[in-house]
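Observations on the three-dimensional arrangement
Below are the chains, spelled out letter by letter.
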Amino acid sequence: MLVRLTKLPDPSAALRALEEIFFLSAARTEFTSPEARAAFLRTWTGWYVENAPWDIWFWRDDDGSFGGYLTGCLDSADAEGLFETIPRYATFDDLFPRFPAHLHVNVRPERRGQGIGQRLVERFVEDCVAEGIPGVHVVTADGMRNVGFYNRLGFTEAVLRKPLLFLGRPL
């Protein structure tokens with residue numbers, strides 16, 4: 001079942017799941033301290049939790065557990081604070097007019113391949129379409145395994161600015 005963070009009766013449980021899934025999915029696994037680990041999480045998820053919680057979607061199973069999440073932003077160019085928070089955020093800002101919305105999606109490793117990520121992305125895309133947004137994008141690293149996943153979901157307009165790869169999907 002898909003559910004917005006802001007519609008959950010206990011958002012704290014979902015945020016704990018977000019943290020767990022984030023670190024199960026992150027390429028970086030070693031940190032010098034618990035504070036460094038928390039700062040890493042804050043860099044990549046904190047802005048969304050604080051500034052766009054209504055654009056955070058979860059896949060929640062019948063037993064109440066969370067299989068994955070999506071953080072998103074409907075207007076990347078006007079996302080106050082993201083340029084200062086996320087490293088190299090402005091690398092593709094010239095493409096934001098065509099693809100203003102962006103997302104990040106992570107699914108528990110044991111739940112991958114079951115359609116959860118696709119459902120999360122498509123639900124966010126529905127919000128974008130309802131708002132009249134012309135396109136959505138993701139940024140990943142060139143050669144990452146998630147490129148095929150995004151290509152299958154229509155993110156096929158690619159721009160490579162080493163080492164980052166921008167994938168846009170017109171709506």
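Residues numbered from 1 in each chain as written. Predicted model: local features only at pLDDT ≥ 70, side-chain atom pairs only at ≥ 80, totals over all residues. Heavy atoms only, no water.

This brings us to the side chain of arginine 108. Mapped onto the elements of the fold, arginine 108 is located in the loop between strand 4 (101-107) and helix 4 (116-130). Judged by relative accessible area, arginine 108 falls into the buried class, the value being 12%. Here glutamate 20 takes part through its side chain, which lies 3.2 Å from a polar atom of the side chain of arginine 108. Excluding its chain neighbours within four sequence positions, the residues that come into contact with arginine 108 are Ala17, Glu20, Ile21, Leu24, Phe66 and Gly67. (Helix = DSSP H or I, 4+ residues; strand = E, 2+ residues; numbered from the N terminus. Buried < 20%, exposed > 50% of the residue type's maximum accessible area, 1.4 Å probe, protein only. Polar contact = N/O pair within 3.5 Å; in protein donor to acceptor, adjacent residues only side chain to side chain. Contact = heavy atoms within 4.5 Å.)

Turning our attention to the state of the cysteines. All chains considered together, the criterion is met by zero disulfides. Just so you know, cysteine 73 is unpaired, no disulfide at all, and the nearest cysteine sulfur is the one on cysteine 128, 9.4 Å from it. When its relative accessible area of 4% is taken as the criterion, cysteine 73 is described as buried. (Disulfide = S-S within 2.5 Å.)

Turning next to unusual backbone geometry. A cis geometry characterises the amide bond from lysine 162 onward to proline 163, with omega recorded as 0°. Position of proline 163 among the secondary structure elements: in the loop between strand 6 (157-161) and strand 7 (164-170). You will see that arginine 88, though not glycine, has its phi angle at about 60°, which is positive. Within the secondary structure layout, arginine 88 lies in the loop between helix 3 (82-85) and strand 4. For arginine 88, a relative accessible area of 45% corresponds to the partly exposed category.

Moving on, we get to helix 2 (residues 34-51). For helix 2, which comprises 18 residues, the first-to-last C-alpha distance of 24 Å matches the rise-based estimate of 26 Å (1.5 Å per residue) to within 8%. The sharpest bend along helix 2 measures roughly 60° and falls at threonine 45. Looking at helix 2, one finds that the buried residues are Phe40, Leu41, Thr45, Gly46, Trp47 and Tyr48. Those residues of helix 2 that are buried are in contact with helix 1 (11-25), strand 2 (56-60), strand 3 (66-73), helix 3 and strand 4. (Expected span 1.5 Å × (residues − 1). Bend = angle between axes of the 7 residues up to and from the residue.)

Every regular strand shows the same layout, with side chains that alternate between the two sheet faces. For strand 3, a buried count of eight out of eight residues is recorded, marking the element as mostly surrounded by other parts of the structure. The pairing of strand 2 with strand 3 spans five bridges and is classified as antiparallel. In the sheet register, isoleucine 56 faces strand 3, and the bridge partner there is threonine 71. In this structure, the hairpin formed by strand 2 and strand 3 is closed by a connection of five residues, where glycine 64 is found at a positive phi of approximately 90°. Pairing analysis gives six bridges linking strand 3 to strand 4, with the strands arranged antiparallel. (Pairing = 2+ DSSP bridges.)

The next subject is the sheet that holds strand 1 (residues 2-4). Read from one edge of the open sheet, seven strands run 1-2-3-4-5-7-6, paired in mixed fashion. In the strand order of this sheet, the two ends are held by strand 1 and strand 6, each with one partner. Between one strand and the next, the sheet's axes are offset by a mean angle of 25°, whatever the strand orientation. Against the sheet, helix 2 engages strand 2, strand 3 and strand 4, with an angle of about 75° to strand 3. On top of the sheet, helix 4 reaches strand 1, strand 2, strand 3, strand 4, strand 5 (135-141) and strand 7; it is set at about 160° to strand 4, its chief contact. (Axes fitted to C-alpha atoms, helices over the stretch in contact; angles between N-to-C directions.)

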